[in-house]
Amino acid sequence: MKILLLNGSSTPIYEQIKNAIKENIVQGLVSPDEQLPSVRQLSSDLNVSILTVKKAYDALEEEGFIVIRQGLGTFVAPMNPDILKDEKQKEIETHLIAACQIAKTISLSQDELIELIQYIYQGDSYNE
(Lines give C-alpha, C1' and ligand atoms only; values in the text may rest on other atoms or scores of the structure.)
Protein backbone atom coordinates (compact mmCIF):
# COMPACT_ATOMS: atom_id res chain seq x y z
CA MET A 1 0.00 0.00 0.00
CA LYS A 2 1.37 3.37 -1.06
CA ILE A 3 0.89 6.51 0.99
CA LEU A 4 2.61 9.70 -0.09
CA LEU A 5 2.34 12.72 2.18
CA LEU A 6 2.97 16.29 1.09
CA ASN A 7 4.01 18.42 4.06
CA GLY A 8 3.49 21.71 2.23
CA SER A 9 -0.04 20.79 1.13
CA SER A 10 -3.10 22.70 2.33
CA THR A 11 -4.78 19.31 2.83
CA PRO A 12 -4.39 18.12 6.43
CA ILE A 13 -2.10 15.09 6.93
CA TYR A 14 -4.90 12.89 8.30
CA GLU A 15 -6.96 13.64 5.19
CA GLN A 16 -4.00 12.82 2.93
CA ILE A 17 -3.66 9.48 4.73
CA LYS A 18 -7.40 8.83 4.48
CA ASN A 19 -7.48 9.70 0.77
CA ALA A 20 -4.41 7.57 0.00
CA ILE A 21 -5.83 4.52 1.76
CA LYS A 22 -9.22 5.06 0.11
CA GLU A 23 -7.53 5.28 -3.31
CA ASN A 24 -5.60 2.06 -2.64
CA ILE A 25 -8.90 0.35 -1.78
CA VAL A 26 -10.85 1.74 -4.76
CA GLN A 27 -8.05 0.78 -7.17
CA GLY A 28 -7.99 -2.74 -5.74
CA LEU A 29 -4.41 -2.48 -4.48
CA VAL A 30 -5.62 -3.82 -1.13
CA SER A 31 -8.22 -6.56 -0.97
CA PRO A 32 -11.39 -6.79 1.10
CA ASP A 33 -10.66 -8.28 4.53
CA GLU A 34 -6.93 -7.50 4.13
CA GLN A 35 -5.41 -6.28 7.37
CA LEU A 36 -4.02 -2.77 7.38
CA PRO A 37 -1.06 -1.68 9.50
CA SER A 38 -1.87 -0.85 13.10
CA VAL A 39 -2.24 2.79 14.05
CA ARG A 40 1.13 2.64 15.83
CA GLN A 41 2.86 0.95 12.90
CA LEU A 42 1.49 3.33 10.29
CA SER A 43 2.26 6.39 12.40
CA SER A 44 5.83 5.11 12.78
CA ASP A 45 6.14 4.33 9.05
CA LEU A 46 4.85 7.76 8.06
CA ASN A 47 6.55 9.61 10.91
CA VAL A 48 3.31 11.23 12.03
CA SER A 49 1.35 11.34 15.26
CA ILE A 50 -0.67 8.31 16.36
CA LEU A 51 -3.66 10.64 16.71
CA THR A 52 -3.32 11.69 13.05
CA VAL A 53 -3.50 8.08 11.85
CA LYS A 54 -6.32 7.32 14.30
CA LYS A 55 -8.32 10.25 12.90
CA ALA A 56 -7.80 8.97 9.33
CA TYR A 57 -8.82 5.42 10.30
CA ASP A 58 -11.91 6.68 12.15
CA ALA A 59 -12.98 8.69 9.08
CA LEU A 60 -12.42 5.68 6.81
CA GLU A 61 -14.48 3.49 9.11
CA GLU A 62 -17.27 6.06 9.17
CA GLU A 63 -17.27 6.14 5.34
CA GLY A 64 -17.44 2.33 5.20
CA PHE A 65 -14.00 1.65 3.71
CA ILE A 66 -12.47 -0.12 6.71
CA VAL A 67 -13.59 -2.10 9.73
CA ILE A 68 -11.82 -1.71 13.08
CA ARG A 69 -12.08 -4.91 15.10
CA GLN A 70 -11.18 -4.29 18.72
CA GLY A 71 -8.19 -6.41 19.68
CA LEU A 72 -7.79 -7.85 16.17
CA GLY A 73 -6.80 -4.89 14.02
CA THR A 74 -8.00 -2.82 11.11
CA PHE A 75 -9.27 -4.49 7.95
CA VAL A 76 -10.46 -3.41 4.53
CA ALA A 77 -14.25 -3.61 4.50
CA PRO A 78 -16.00 -5.70 1.86
CA MET A 79 -16.48 -3.32 -1.04
CA ASN A 80 -19.99 -1.94 -1.24
CA PRO A 81 -20.75 -1.40 -4.96
CA ASP A 82 -22.61 1.82 -4.11
CA ILE A 83 -19.56 3.26 -2.33
CA LEU A 84 -17.31 2.28 -5.23
CA LYS A 85 -19.71 3.84 -7.76
CA ASP A 86 -19.92 7.02 -5.68
CA GLU A 87 -16.13 7.32 -5.49
CA LYS A 88 -15.74 6.76 -9.23
CA GLN A 89 -18.50 9.29 -9.91
CA LYS A 90 -16.63 11.87 -7.81
CA GLU A 91 -13.54 11.17 -9.92
CA ILE A 92 -15.54 11.68 -13.14
CA GLU A 93 -16.96 14.94 -11.76
CA THR A 94 -13.46 16.22 -11.05
CA HIS A 95 -12.39 15.50 -14.62
CA LEU A 96 -15.58 17.01 -16.06
CA ILE A 97 -15.08 20.20 -14.05
CA ALA A 98 -11.60 20.50 -15.52
CA ALA A 99 -12.96 19.77 -19.02
CA CYS A 100 -15.66 22.44 -18.61
CA GLN A 101 -13.10 24.99 -17.47
CA ILE A 102 -10.91 24.26 -20.50
CA ALA A 103 -13.94 24.39 -22.82
CA LYS A 104 -14.88 27.82 -21.48
CA THR A 105 -11.37 29.16 -22.06
CA ILE A 106 -11.69 28.35 -25.77
CA SER A 107 -15.36 29.44 -25.96
CA LEU A 108 -16.56 25.92 -26.73
CA SER A 109 -20.33 25.89 -26.35
CA GLN A 110 -22.14 23.56 -23.99
CA ASP A 111 -23.69 21.76 -26.96
CA GLU A 112 -20.28 21.28 -28.57
CA LEU A 113 -18.85 19.92 -25.33
CA ILE A 114 -21.77 17.51 -24.89
CA GLU A 115 -21.38 16.39 -28.49
CA LEU A 116 -17.67 15.75 -27.89
CA ILE A 117 -18.40 13.75 -24.74
CA GLN A 118 -21.05 11.70 -26.57
CA TYR A 119 -18.61 11.00 -29.40
CA ILE A 120 -15.90 9.86 -27.00
CA TYR A 121 -18.33 7.84 -24.86
CA GLN A 122 -19.87 6.00 -27.83
CA GLY A 123 -16.66 5.30 -29.68
CA ASP A 124 -13.21 4.14 -28.84
CA SER A 125 -11.56 7.39 -29.88
CA TYR A 126 -10.19 7.75 -26.34
CA ASN A 127 -7.91 4.77 -27.04
CA GLU A 128 -6.11 6.59 -29.84
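Reading the values: the criteria
- Residues numbered from 1 in each chain as written.
- Predicted model: local features only at pLDDT ≥ 70, side-chain atom pairs only at ≥ 80, totals over all residues.
- Heavy atoms only, no water.
- Core = buried A, V, L, I, M, F, W, Y, C linked by side-chain atoms within 4.5 Å.
- Buried < 20%, exposed > 50% of the residue type's maximum accessible area, 1.4 Å probe, protein only.
- Helix = DSSP H or I, 4+ residues; strand = E, 2+ residues; numbered from the N terminus.
- Contact = heavy atoms within 4.5 Å.
- Pairing = 2+ DSSP bridges.
- Salt bridge = Lys/Arg side-chain N within 4 Å of Asp/Glu carboxyl O.

The name recorded for the protein in an unreviewed UniProt entry is Transcriptional regulator, GntR family, from Peptoniphilus duerdenii ATCC BAA-1640.

Novice: Help me understand the nonpolar core, please; the structure alone is not making it clear to me.
Specialist: Note that soluble globular proteins tend to have their nonpolar side chains buried in a common cluster. In terms of nonpolar packing, the biggest core is built from 21 residues, with Ile 17, Ile 21, Leu 42 and Tyr 57 touching the most fellow members. Of all the secondary structure elements, the ones that give two or more residues to this core are α1 (13-26), α2 (39-46) and α3 (50-62). Considering each element in turn, this core owes the most residues, 5 residues, to α1. The contacts of Tyr 57, once residues within four sequence positions are left out, are Ile 21, Leu 36, Pro 37, Ser 38, Val 39, Leu 42, Ile 66, Ile 68 and Thr 74.

Novice: Got a minute to help me understand unusual backbone geometry in this structure?
Specialist: Among all residues except glycine, the phi angle is most often negative; among peptide bonds, the trans geometry is most common. Located in the positive-phi region is Asp 33, a residue other than glycine, with phi close to 75°. Non-glycine residue Asn 47 carries a positive phi angle of around 60°. Within the secondary structure layout, Asn 47 lies in the loop between α2 and α3.

Novice: Sorry, what's going on with the pairing of strand β2 (residues 66-69) here?
Specialist: Each regular strand displays side chains that alternate between the two surfaces of the sheet. Pairing of β2 with strand β3 (residues 73-76) involves 4 bridges; the strand directions are antiparallel. Each residue of the ladder has a partner; that of Ile 68, found in β3, is Thr 74. Between β2 and β3, which follow one another and run antiparallel, lie 3 residues, and Gly 71 among them has a positive phi close to 80°.

Novice: Just to check I follow, could you spell out the pattern of salt bridges for this structure?
Specialist: A pair can form between side chains of opposite charge whenever their charged atoms are brought close. Evaluated as defined, the whole model comprises 8 salt bridges. With its nearest N and O atoms 2.7 Å apart, the salt bridge here joins Glu 63 to Lys 22. Remark: Lys 22 occurs in helix α1 and Glu 63 occurs in the loop between α3 and β2; sequence separation between them is 41 residues. Note that Arg 69 is salt-bridged to Asp 33, the shortest N-O span being 3.9 Å. Residue Arg 69 is located in strand β2, and its partner Asp 33 is located in the loop between α1 and β1 (35-36); the two are separated by 36 residues in the primary sequence.

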